[in-house]
Amino acid sequence: MTTEIPVVRVDATQKIKVFSRTVRFALDEDVFRQDARETLHLSGWVIHRRRSIRCVILHKASETLALGKLTEHRPRVHQQFPTYPDAGRAGFDFTLPAPPSGHYELSAELDNGKRIRLAEIELVRRSQPKLLFLSLIHI
């Protein structure tokens, strides 16, 4: 017996160049493996070579859906980029009620108010079969 359950999957594409000299950014692997039916969890890290980053913003057009502060300690980021401001607390981690499927953007807001686009995130609704397994034991 199979029943179709709508599942929202997260697909994301980084918009910045991987070898950018001013901004470094990555989403954590668990972001891509989640089923965002009820909640959406975003985590990762971002640093700028010369500026501090106020927050990470999930938005659609001009509508802000969530803000994530950079409060998570990321020792490996700090070890790799010790001269970047705030590299020691470059991690963000926030959860919000899952928005409808569609295209969203993730941006970083710098200390001077400028926004830098980090990634395009697409929430994709997919049907996933729910399987029921019965095992019959003969006595």
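Since the model is a prediction, treat every value here as computed from it, not as a measurement.

1. Structural notes on the confidence of the model for the protein chain
- Per-residue pLDDT for the protein chain has a mean of 80; in total, 76% of the residues score no lower than 70.
- This stretch, residues 1-7, has a pLDDT under 50; its non-local contacts, to residues over four places away or in other chains, come to 25 contacts.

2. What about the sheet that holds strand β3 (residues 39-48)?
- Judged by pairing direction, the sheet is antiparallel, and its three strands sit side by side in the order β2-β3-β6 without closing on themselves. If you trace the sheet from one side to the other, it starts and ends with β2 (23-27) and β6 (91-97), each paired once. Here the strands of the sheet are splayed against their neighbours by 25 degrees on average, with no regard to which way each runs.
- Bridge analysis of β3 against β6 gives seven bridges, and the strand direction is antiparallel. In the sheet register, L40 faces β6, and the bridge partner there is L96.

3. Thoughts on the nonpolar core
- The biggest cluster of nonpolar side chains holds 26 residues, and the ones touching the most others in it are V46, L58, F92 and L106.
- For this core, the elements supplying multiple residues, two or more each, are β2, β3, β4 (53-60), β6, β7 (102-110) and β8 (115-131).
- Counting residues per element, this core draws most heavily on β8, at five residues.
- Apart from the residues within four sequence positions on either side, V46 is in contact with V23, R24, F25, I53, V56, L70, A90, F92, A108 and L118.
- In this structure, W45, V77, Y84 and A87 belong to the second largest nonpolar core, which totals eight residues.

4. A word on a negative patch on the surface
- Judged by side-chain charge, E29, D30, E72 and D93 come together as a negatively charged surface patch.
- Take E29: it is sitting in helix α1 (residues 29-32).
- Residue classification places E29 among the exposed positions, given a relative accessible area of 52%.

5. A closer look at the pattern of salt bridges
- Enumeration over the complete set of coordinates arrives at six salt bridges.
- For E109, the salt bridge is made with R54, and the minimal N-O distance between the two is 3.0 Å. You can see E109 sitting in strand β7 and its partner R54 sitting in strand β4, a full 55 residues away along the chain.
- E109 sits in the buried class, given a relative accessible area of 15%.
- The salt bridge partner of R89 is D86, with a shortest N-O separation of 3.6 Å.
- For R89, a relative accessible area of 38% puts it in the partly exposed group.
- When salt bridges with common partners are traced through the structure, they connect R54, E109 and R115 into a single cluster.

6. Section: unusual backbone geometry
- With phi around 55 degrees, A61 is a residue other than glycine that occupies positive phi space.
- As for its position among the elements, A61 is in the loop between β4 and β5 (63-69).
- For A61, a relative accessible area of 73% puts it in the exposed group.
- The backbone of D86 sits at a positive phi, close to 60 degrees, despite the residue not being glycine.

Conventions and cut-offs
- Residues numbered from 1 in each chain as written.
- Predicted model: local features only at pLDDT ≥ 70, side-chain atom pairs only at ≥ 80, totals over all residues.
- Heavy atoms only, no water.
- pLDDT = per-residue confidence, 0-100.
- Contact = heavy atoms within 4.5 Å.
- Pairing = 2+ DSSP bridges.
- Helix = DSSP H or I, 4+ residues; strand = E, 2+ residues; numbered from the N terminus.
- Axes fitted to C-alpha atoms, helices over the stretch in contact; angles between N-to-C directions.
- Core = buried A, V, L, I, M, F, W, Y, C linked by side-chain atoms within 4.5 Å.
- Buried < 20%, exposed > 50% of the residue type's maximum accessible area, 1.4 Å probe, protein only.
- Patch = residues over 30% accessible without salt bridge, like charges linked within 9 Å, V, L, I, M, F, W, Y side chains within 5 Å.
- Areas by Shrake-Rupley, 256 points an atom, 1.4 Å probe, with all protein chains shown as cover.
- Salt bridge = Lys/Arg side-chain N within 4 Å of Asp/Glu carboxyl O.
- Lys, Arg positive; Asp, Glu negative; His and termini not counted.
- Charge placed at Lys NZ, Arg CZ, Asp CG, Glu CD.

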